[in-house]
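# An overview of the molecular structure
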Amino acid sequence: MSLTGFSNPVLDQQAAFRSVMQALAEPGRIVPAGALAGGASPLGPVARAIALSLLDFEVQFHLSPGLIAAEEDITFQTGSRRAARPDEAEFAFVDLTRDALDLASFAQGTPEYPDRSTTVILKVESLAGGPAHSLAGPGIPGTRELAIPGLPADFVAQWAANAARFPLGVDLIFATREAVIGLPRSTRILTEAR
């Protein structure tokens, strides 16, 4: 596997970072991805660009079983290292097309430091076309629809448990090959949309 970093590291990392921040600021909105790094990775181009933008030698990451093959690339490109357990990672990458999701297994933060939780990047095939759910919360005028295909059957229950821990809990970034959707812990899933 021959993988390269960003062609213009500073500007490309900033573009990928802006995509993530915009997605978290406007939960449920599809945000086109910023610049991509070269090469084919198990993470896919957008999740890999996020990894190269957010990881460094000071943080640890977790990979779901379907993404373990990306470990060497991430470590080489970022200087970060894989955590021994999911709850030790600042960032986690999960392939929802192949692997299970357990939001409670990740770091939830502490009352003193709620920001010491895991940000989970979920590799998905599409950001639209699945069962629809209504979202509400900061950054959403009124409500917004989330319709990601392939979410686990218990996703709404897992998210409700995550939201009940607020200000603790994890934040999610859904990533396809072209775009992202953010779901910060402050967002509520109200009901299934019609």
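Owing to the predicted nature of the structure, the values given are computational and were not obtained by experimental measurement.

Thresholds applied
- Residues numbered from 1 in each chain as written.
- Predicted model: local features only at pLDDT ≥ 70, side-chain atom pairs only at ≥ 80, totals over all residues.
- Heavy atoms only, no water.
- Helix = DSSP H or I, 4+ residues; strand = E, 2+ residues; numbered from the N terminus.
- Rg over C-alpha atoms; globule rule 2.2 N^0.38 Å.
- Buried < 20%, exposed > 50% of the residue type's maximum accessible area, 1.4 Å probe, protein only.
- Contact = heavy atoms within 4.5 Å.
- Areas by Shrake-Rupley, 256 points an atom, 1.4 Å probe, with all protein chains shown as cover.
- Lys, Arg positive; Asp, Glu negative; His and termini not counted.
- Charge placed at Lys NZ, Arg CZ, Asp CG, Glu CD.
- Core = buried A, V, L, I, M, F, W, Y, C linked by side-chain atoms within 4.5 Å.
- Pairing = 2+ DSSP bridges.
- Right-handed = clockwise from strand over helix to strand, strands pointing away.
- Arc of directions from axis to C-beta.
- Salt bridge = Lys/Arg side-chain N within 4 Å of Asp/Glu carboxyl O.

### Quick word on the overall build of the chain
In terms of regular secondary structure, the chain is built from four helices and ten strands. For 194 residues, the compact-globule estimate of 2.2 N^0.38 gives 16 Å, and the chain sits close to it at 16 Å. Taken over 194 residues, the chain has a buried fraction of 50%. Long-range pairs, those at least 24 residues apart, make up 66% of the contacts in the chain between residues at least 6 apart in sequence. In the form shown here, the chain has an accessible surface area of approximately 9,100 Å², with 54% of it arising from carbon and sulfur atoms. Taking the average place of the 15 positive charges on the side chains of the chain and the average place of its 21 negative ones, the gap between the two points comes to 3 Å.

### Notes on the nonpolar core
Grouped together as the largest cluster of nonpolar side chains are 24 residues, with contacts concentrated most on Phe 155, Leu 172 and Phe 174. At the level of secondary structure, the elements contributing two or more residues to this core comprise strand 4 (91-95), strand 5 (119-123), helix 4 (155-164), strand 8 (171-175) and strand 9 (179-183). If one sorts the elements of this core by residue count, strand 9 sits on top with three residues. Core analysis: the next-biggest nonpolar cluster, separate from the first, contains 23 residues, Val 46, Leu 54, Phe 61 and Phe 93 among them.

### Some details on the pairing of strand 2 (residues 60-63)
The alternating pattern of strand 2 places Gln 60 and His 62 on one face and Phe 61 and Leu 63 on the opposite face, and all of these are buried. The pairing of strand 2 with strand 3 (residues 81-82) spans two bridges and is classified as parallel. By the bridge assignment, Phe 61 is partnered in strand 3 with Arg 82. Traced from strand 2 through helix 3 (residues 71-78) to strand 3, the parallel crossover comes out right-handed. Where strand 2 and strand 4 come together, three bridges link them in parallel fashion. Counterpart to Phe 61 in the pairing with strand 4 is Phe 91.

### What about helix 2 (residues 45-54)?
For the α-helix, the turn length of 3.6 residues means that residues three or four positions removed from each other point alike. Burial within helix 2 is extensive, with ten of its ten residues counted as buried. Of the positions making up helix 2, those classed as buried are Pro 45, Val 46, Ala 47, Arg 48, Ala 49, Ile 50, Ala 51, Leu 52, Ser 53 and Leu 54.

### Some details on helix 4
Taken as a whole, helix 4 has its buried residues at Phe 155, Gln 158, Trp 159 and Asn 162. The buried residues of helix 4 all sit within an arc of 95 degrees when viewed along its axis, so they share a single face. Exposed residues lying more than 90 degrees from the buried face of helix 4 are Ala 157 and Ala 164.

### Brief notes about the pattern of salt bridges
Any two side chains of opposite charge can pair, on the condition that their charged atoms come close. Taken as a whole, this structure holds six salt bridges when the rule is applied. One salt bridge in this structure joins Glu 88 and Arg 85, with 3.2 Å as the shortest N-O distance. You can call Arg 85 partly exposed: its relative accessible area is 43%. Residue Asp 171 is joined to Arg 185 by a salt bridge in which the shortest nitrogen-to-oxygen separation is 3.0 Å.

### Observations regarding the environment of Gly 150
Within the secondary structure layout, Gly 150 lies in the loop between strand 7 (144-146) and helix 4. The spatial distance from the C-alpha of Gly 150 to the C-alpha of Ile 181 is 15 Å, given a sequence separation of 31 residues.

### Regarding unusual backbone geometry
Here the residue pair Phe 166 and Pro 167 is connected by a cis peptide bond, since its omega of 15 degrees sits within 30 degrees of zero. Turning to its location among the elements, Pro 167 is positioned in the loop between helix 4 and strand 8.

### Things to note about the sheet that holds strand 2
Strand pairing in a sheet is mediated by backbone hydrogen bonds. Such pairs are either parallel or antiparallel. Read from one edge to the other, the open sheet built from seven strands follows the order 1-9-8-5-4-2-3, with strand pairing classed as mixed. Each of the sheet's edge strands pairs with one partner strand only, and the pair in question is strand 1 (31-32) and strand 3. Note: strand 5 against strand 8, five bridges, orientation parallel. Across the sheet, residue Val 120 finds its bridge partner in strand 8, namely Leu 172.

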